Amino acid sequence: MEKYIEKERAIDVIADVDVLVVGGGPSGIGAAVGAARAGSRVMIVENMGSFGGMWTNGLVTTLGGFNSWLRPYRRCVDGVMGEWLRMSATRAGAEDNRSWVLSSDPEVLKFTADEIIQKYGIRPLLHTWVADVIKDGDCVRGVIVENVDGRKAIKAAVVVDCTGNGDVMARAGAAYRIAEQLQPMTMPFFLAQVEPQGSVGYEEELVIPMGPEAGYLGKEMMPYTTRRRDMAVDNEVLDRAYERGELPFFGGPWFGGLRVNYPWVNTTRVYGSAVDAAELTSAEMEGRRDAHAIVDFYRRNLPGFEKCWIMSSAATIGIRETRRLVGEYTLTGEDIVENRRFPDSIALGVWPIDVHPQKGENGAHDMFVPLPYQIPYRCLIPESVDGLLVAGRCISTDREAMGTIRVGATCGAIGHAAGIAAAMSVQKGCAPRKLDARDVQIELIHQNAITE
C-alpha cells in the first residue's frame, strides 16, 4: 500500500482530566457516572450524535442483561444502569419488571442519558472520533481526537475504552484476539401499521418458564424468546422462502417495542468485520437492502403485515463481535457453565451463551442459559499496557463468554466498575492493575451495584 508521511504539527490540548471515557454506550455511561460519583473529573467522548450506543443509535430496544432468565427471575444489574432504567420507565420509555428483556423507547433513553451526564457534572463531547493514543512508554496518557474543530488532544490520568470494538486498546498496542469469522451484524428497524396476529396479546411481563437450574433453551421455550408474542409469524413459510431465494439470509425474526401496531424487528444477518471500514460500509448498505427485501416479503405473504412499512432503521448497524482484549484473566464459557466464583467479581452476567451461527443457518439457534455468573475485575486489565481499562463486550473473554457478556446491561455494569476503578487509581496514585478489587467492590455496592 502506498504511504504518505503526515506532516508533524502542534495540536491543542482541549482537556486534562482524571478519567477519560471513550464511547458513550451503556458501558461508557456506566464508566463515566461511576468515576464521577467516586470523585473524579470525567470527560466522555462519543462518535455518534447521541449517547446510548446500541440501545439508541443501534436501535436495540430490548434491553438485555438486567434480569435472570431462570426462576426466581432475579434483577442482577443495578447501579448506574438501574438509575437510567428507572428514570426512563417513569417517562413510559422503558419497562421495569421481571421480563427476560425489557422493551424500551430509544428516544427516551437518549435524552435520559443526557440528563444523567449533566446531573453528575460529566463533560461530554459528541461527534468525536479517537484517531490515536498518547503514550508514555507502556502507559496511556490520553488520546488524539478528530471532530469539526479539527485534530485535538485530550490528556487523562486513566482512559477507559468503552468503544465496543476496542479501538483505544488496539491503538495503544494492547494484545487482543479476533475470530476468523465473526458473529453477524444486524440492522434493526421499526415497522408501522402491523396488526397483531399472535395467539396471545401483548404481555406486560414475559418470563421464560425455566429453572432454577441452568440448561439449554429447548424448542418448547422458543415462543418466549420474542418479546412480542402478539406478532407471531409462520417460520416455516419464511424458511421455505429463503430456500427458494425469495428472502435474504435472516435470523429469528424477533419482535419487540412498546407500541402495539409499531413493532421493532430483529432479523437481518449480515456478515463481515466491523473493524474494517470497507466491510462495515458494505454491511450497513446490505443491512438496509435486506431489511426492505424482508419487509416487502412480509407485506405480500404474512397476515397482519399487508400495510406495513419501515418507519425507521438504526443509525448504525448492530455489532455483536469484534476484538477481545487479552487481559490478566480470560473469562471462558466453561467458567460460566460451571458457575465459577471469583474473589474480584465486579459485575453479574445473566444472558445465555448466545453465539449466532455462521452463514447458512437461518432462524433461531441453541443457547445455554446460565445461572447468574460473576465477572472478574482482571478481565478489564490489559496484560502489558497501563493507564487503560477496557469495558463492555471487548473485555478479556473467549468467544462463548463474549456471547453472553455482550448485552447492554451487562456491558453497563462492567463499565460502572471500570469507571470506579479508574477513579480510585487516580486517587491512590497507582496503576489500575495494582488496585485491591475489594475496594472497587465496596464502592460499587455504595453506588447500588450488584457484584454477587
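Residues numbered from 1 in each chain as written. Predicted model: local features only at pLDDT ≥ 70, side-chain atom pairs only at ≥ 80, totals over all residues. Heavy atoms only, no water.

Novice: What is the right way to read the side chain of threonine 322 from this model?
Specialist: Mapping threonine 322 onto the fold places it in the loop between β14 (309–313) and β15 (324–325). Looking at threonine 322, the relative accessible area reads 1%, which means it is buried. Side-chain polar atoms of threonine 322 contact the side chain of asparagine 165, separated by 2.8 Å. Separated by 3.0 Å, the side chains of threonine 322 and arginine 393 make a polar contact. (Helix = DSSP H or I, 4+ residues; strand = E, 2+ residues; numbered from the N terminus. Buried < 20%, exposed > 50% of the residue type's maximum accessible area, 1.4 Å probe, protein only. Polar contact = N/O pair within 3.5 Å; in protein donor to acceptor, adjacent residues only side chain to side chain.)

Novice: Got a minute to help me understand the pairing of strand β6 (residues 129–136) in this structure?
Specialist: Within a regular strand, side chains alternate between the sheet's two faces. Both β6 and strand β7 (residues 139–147) contribute to a ladder of seven bridges, which runs antiparallel. Bridge pairing in β7 places valine 130 opposite valine 145. Once β6 ends, the chain turns through two residues before running back antiparallel as β7, passing glycine 137 with a positive phi of about 65 degrees. (Pairing = 2+ DSSP bridges.)

Novice: I'm lost on the packing of aromatic side chains in this one. Help?
Specialist: Two aromatic rings are characterised by how far apart their centres lie and by the angle between their planes. Following the criterion strictly, the structure yields twelve aromatic pairs and no others. Ring centres of tryptophan 55 and tryptophan 84 lie 5.2 Å apart, and the angle between their planes is 55 degrees; this geometry places the pair in the tilted category. Taken as a pair, tryptophan 55 in the loop between β2 (42–45) and β3 (62–64) and tryptophan 84 in helix α2 (residues 79–89) lie far apart in primary sequence, 29 residues in all. Considered together, tryptophan 55 and tryptophan 84 belong to a single accessibility category, that of buried residues. Ring centres 5.7 Å apart and planes at 55 degrees place the aromatic pair phenylalanine 249 and tyrosine 271 in the tilted group. One end of the pair, phenylalanine 249, is in the loop between α5 (235–243) and β12 (250–256); the other, tyrosine 271, is in the loop between β13 (264–268) and α6 (277–301), and 22 residues separate them in sequence. Classification of phenylalanine 249 as buried rests on a relative accessible area of 6%. On the basis of relative accessible area, tyrosine 271 is assigned to the buried category, the value being 17%. Here the aromatic residues Tyr242, Phe249, Phe250 and Tyr271 are joined through ring pairs into a cluster of three or more. One residue, arginine 229, lies across the ring of tyrosine 224, its end atom 4.4 Å from the ring centre. The side chain of arginine 323 reaches across the aromatic face of tyrosine 176, ending 5.4 Å from its centre. (Phe/Tyr/Trp six-rings, centres within 6.5 Å; stacked < 30°, edge-to-face > 60°. Lys NZ or Arg CZ within 6 Å of the ring centre and 35° of its normal.)

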